[in-house]
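Chains, contacts and geometry: an overview
Residue-level listing of the chains:
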Amino acid sequence: MEPVTVISGTVSVLDRADVDTDQIIPKQFLKRIERTGYGEFLFYDWFRSGEITLEPNPILVAGSNFGSGSSREHAVWAIQQFGFAAVVAPSFSDIFYGNCTKNGLLPIRLPEEDVRALMAAGEATINLERQTVTFAGRTVSFEIDADVKHRLLHGLDEIALTLQHGPDIDSYERERMAPGPVTTAL
Amino acid sequence: MPKTMFEKIWDAHLVRDDLIYIDLHLVHEVTSAQAFEGLRLAGRGVRRLDKTVATADHNVPTDGTPTARLITDALSRQQVETLEQNCEQFGIPVYSLGSDRRGIVHVIGPELGLTQPGLTIVCGDSHTSTHGAFGALAFGIGTSEVEHVLATQTLVQKRPKTMRICYDGALGPGVTAKDLILATIGRLGTSGMVGFVVEYAGDAIDRLSMEQRMTVCNMTIEGGGRAGMIAPDDTTFAYMRGREAVPADWGAAVARWRALTTDDDATFDREETIDASSLAPMVTWGTTPGMVIEVTGRVPHPSEAGIVAPETAERALAYMGLQPGTQVTDIALDRVFIGSCTNSRIEDLRAAASMIDGRTVASRVRAMVVPGSQQVKKQGEEEGLDEVFRAAGFEWREAGCSMCLGMNPDTLSPQERCASTSNRNFEGRQGAGGRTHLVSPEMAAAAAIEGRFVDIRGWN
């Protein structure tokens, strides 16, 4: 994962609520077994019908409950590979938000009125270290979990970080692990 | 200190700060290939094969294709074969085409007895919330997290907030678990549960069967919830007893599971109450599960669509090809789909079959029944349900996700209108341009016969 620090540039506006991951990347493109090649299929049906157009700017700004529905991480890969580095919305689905942070696509929650103003502003600069978005001559701050921020700023591999706690997992399994089903015994 | 059921399970699984242990990892073909590739690239293995199991469901044709090699669609074939190869390489048990244990991942977990109270269960699929019906903490994850669980058997998670929804009273005749959860999402909205693990409780929940409880928990994600849960009770234990993977020390296990229930004095971050006796059969009119009304109602005007914003409602109505003011019972259908991880278990099929009563599917309607697993299919055939459906003009097919998401040959054509027992009415979900109305199995069966929606409470 590439480190995320400052994202600056033009804003692409998708002024819709409840944009689900089926719209972001329709089902027929989930059959690929690679992590790449999804950018050209972003919003496939909406782009193809001419219902919306979006430029591959650094920042996508959208309505509330963005990324709802399916857990498909392909949605994040498609947005990122199309060219976006950050998505700003009033709210995100939990799974989509998590998927963003695993791939270095920066999800930013801002109050509805700030999102509206950002849509109108057309350009913005996001500073992850300072947790700020600057547009139209003013700066607003956003919340992000401290651990997630650290991982994004340094482009760290979460699995490698967890494996550093291998001894904790070992002792959990030895001392506290709940009895459970054994899939290999079926 | 009193604890909620969620808190008891969470605390018991904390390996260290923000790191929780996973007891059961369910894997399917769509969201796993890149995770296995990631393991290979990093030279990592699977930590706990004995807590991992895989099946093929999303891409599987429901026409009886006997092996992955014979799947016609090249990309679907490649994805299923890749799952089989990955499982073989890493040593993970897999139930693919040809296995009588194969089925929708959220149907076979409970069916095999793998889904048990008190466990943490994950899968690269948002409908993993289904398993919470047993008093497990179960939620969907993305592919990076699938890889993380394969490598470490843990997940990095922040503790979510807790919500309890209490349903007072009993559901009326003809009103099902599907209607209960659709009505709930209609009230709270599609993001009403975001950030929360939701415990469903109250008289109406206590009275539900296990399979009905799975329908409720399944659709938690449609309200944005992280996970849905229902306290394990005698209904749970009766359903589980005798299944393959349940504990040998049954008595001790039941005693352990009974202790999971939320303590009397425990508090939730949010509480809601819904009068179950006031609920009616529900039908969605738009392109999210929250766009839903009672079967006796009319398609709303965009300015009167409740918590749905007018411009959102207007676009949804245009996509659905519906005029405001249309009686729901005047909406004519082209297709009926009975299946999916929401409503494809044996009780769902029995309930749908019970509506038929010697009648036949309307001439303009193509209707299909897709059992959730090969085991459900076998049981349905032993009970003669296949004959009932076939005689009425329904197709009786092999197990799979089928037309819930159209990754296999079962899809809607543009502008085809479908009554579906699945979980998502998103644009294009069942096929580009397809129009989906979510309903219960009973409502779907009746709609197939009449060729339009009917209020099953006054229908005989």
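Residues numbered from 1 in each chain as written. Chains lettered and ligands numbered in written order. Predicted model: local features only at pLDDT ≥ 70, side-chain atom pairs only at ≥ 80, totals over all residues.

**Considering the sheet that holds strand 12 (residues 270–275) of chain B**
Residue and element names in this part refer to chain B. Strand order in the open sheet made by the four strands is 11-10-9-12, with parallel pairing throughout. Edge positions in the sheet fall to strand 11 (227–229) and strand 12, since each of these pairs with one other strand and no more. Along the sheet, successive strands turn relative to each other by an average axial angle of 20°, direction set aside. Sheet analysis places strand 10 (residues 196–201) next to strand 11, joined by three bridges and oriented parallel. (Pairing = 2+ DSSP bridges. Helix = DSSP H or I, 4+ residues; strand = E, 2+ residues; numbered from the N terminus. Axes fitted to C-alpha atoms, helices over the stretch in contact; angles between N-to-C directions.)

**Considering the interface of chain A and chain B**
The partner chain B presents 68 residues to the 47 residues of chain A that form the contact. If you list the elements that add at least two residues to the side of chain A that touches chain B, you get helix 1 (21–24), helix 4 (94–103), helix 7 (158–163) and helix 8 (166–175) of chain A. Looking at the side of chain A that touches chain B element by element, the count peaks at six residues for helix 4 of chain A. (Contact = placed C-beta atoms within 7 Å.)

**Section: the packing of helix 12 (residues 346–354) of chain B against helix 14 (residues 385–392) of chain B**
Residues and elements named next belong to chain B. Contact pair helix 12 / helix 14: the axes reach a minimum separation of 10 Å and the direction vectors enclose 40°. For the element pair helix 12 / helix 14, the angle class is oblique. Crossing of helix 12 against helix 14: the hand is left-handed. The segment helix 12 lies against helix 14, with Leu349, Arg350 and Ala353 engaging Leu385, Val388 and Phe389. Its residues placed into classes, the contact of helix 12 with helix 14 shows five nonpolar, no polar and one charged. (Parallel < 35°, antiparallel > 145°, perpendicular 65-115°, else oblique. Left-handed = near helix turned anticlockwise from the far one by under 90°. Nonpolar A, V, L, I, M, F, W, Y, C, P; charged D, E, K, R; others polar.)

**Points about the environment of Ala201 of chain B**
Residues and elements named next belong to chain B. By secondary structure assignment, the location of Ala201 is in strand 10. For Ala201 and Met229, which are 28 residues apart along the polypeptide, the C-alpha to C-alpha distance reads 8.8 Å. Ala201 has contacts with Arg164, Cys166 and Ala231, leaving out every residue within four places of it along the chain.

**Comments concerning the confidence of the model for chain B**
Close reading of the predicted structure is inappropriate where its pLDDT is low. For chain B, per-residue confidence averages 98 on the pLDDT scale, and 100% of positions sit at 70 or higher. In the predicted assembly, ipTM is 0.98 and pTM is 0.98. (pLDDT = per-residue confidence, 0-100.)

**Remarks on the pairing of strand 1 (residues 6–14) of chain A**
A regular strand places its side chains so that they alternate between the two faces of the sheet. Residues and elements named next belong to chain A. Bridge count for strand 1 against strand 5 (residues 123–127) is five bridges, and the pairing is antiparallel. Paired with Gly9 across the strands is Ala124, a residue of strand 5. Direction of pairing for strand 1 relative to strand 2 (residues 59–62): parallel, over a ladder of four bridges. When the bridges of strand 2 are listed, Ser12 appears paired with Leu60.

**Concerning the nonpolar core**
Ile79, Val87 and Val88 of chain A together with Val336 of chain B are the most contacted members of the largest nonpolar core, which has 195 residues in total. Among all residues touching Val88 of chain A, those that are not within four sequence positions of it are Ile59, Val61, Ile108, Leu110, Val115, Leu118 and Val133 of chain A. (Core = buried A, V, L, I, M, F, W, Y, C linked by C-beta atoms within 7 Å. Buried ≥ 20, exposed ≤ 12 C-beta atoms within 10 Å, placed from the backbone.)

**Quick notes on the sheet that holds strand 2 (residues 19–21) of chain B**
Residue and element names in this part refer to chain B. Read across the open sheet, the three strands follow the order 1-2-8; overall the sheet is antiparallel. Two strands bound the open sheet, and with one partner strand each, they are strand 1 (14–16) and strand 8 (154–156). On average, each strand axis in the sheet is inclined to that of its neighbour by 35°, with strand direction left out of account. Strand direction decides the pairing type here: strand 2 and strand 8, joined by three bridges, are antiparallel. Of the residues in strand 8, the one forming a bridge with Ile20 is Leu155.

**A closer look at unusual backbone geometry**
Despite not being glycine, Asp18 of chain A shows a phi value in the positive range, around 55°. Owing to 28 C-beta atoms within 10 Å, Asp18 of chain A belongs among the buried residues under this scheme.

**Overview of helix 6 (residues 177–188) of chain B**
All names here are of chain B. Taking 1.5 Å of rise per residue, the 12 residues of helix 6 would be expected to cover 16 Å, and the 17 Å separating its terminal C-alpha atoms lies within 8% of that figure. For helix 6, a buried count of 11 out of 12 residues is recorded, marking the element as mostly surrounded by other parts of the structure. Along helix 6, the positions that sit buried rather than exposed are Ala177, Lys178, Asp179, Leu180, Ile181, Leu182, Ala183, Thr184, Ile185, Gly186 and Leu188. With its phi angle positive at about 90°, Gly189 sits one or two positions after the end of helix 6. (Expected span 1.5 Å × (residues − 1).)

**Observations regarding the packing of helix 2 (residues 33–42) of chain B against helix 5 (residues 143–152) of chain B**
Residue and element names in this part refer to chain B. Contact geometry of helix 2 with helix 5 gives a least axis separation of 8 Å together with a crossing angle of 50°. Between helix 2 and helix 5, the crossing angle belongs to the class labelled oblique. In this structure, the crossing between helix 2 and helix 5 has a hand that is right-handed. For the pair helix 2 and helix 5, the contacting residues are Gln34, Ala35, Gly38 and Leu39 in the first and Thr143, Val146, Glu147, Leu150 and Ala151 in the second.

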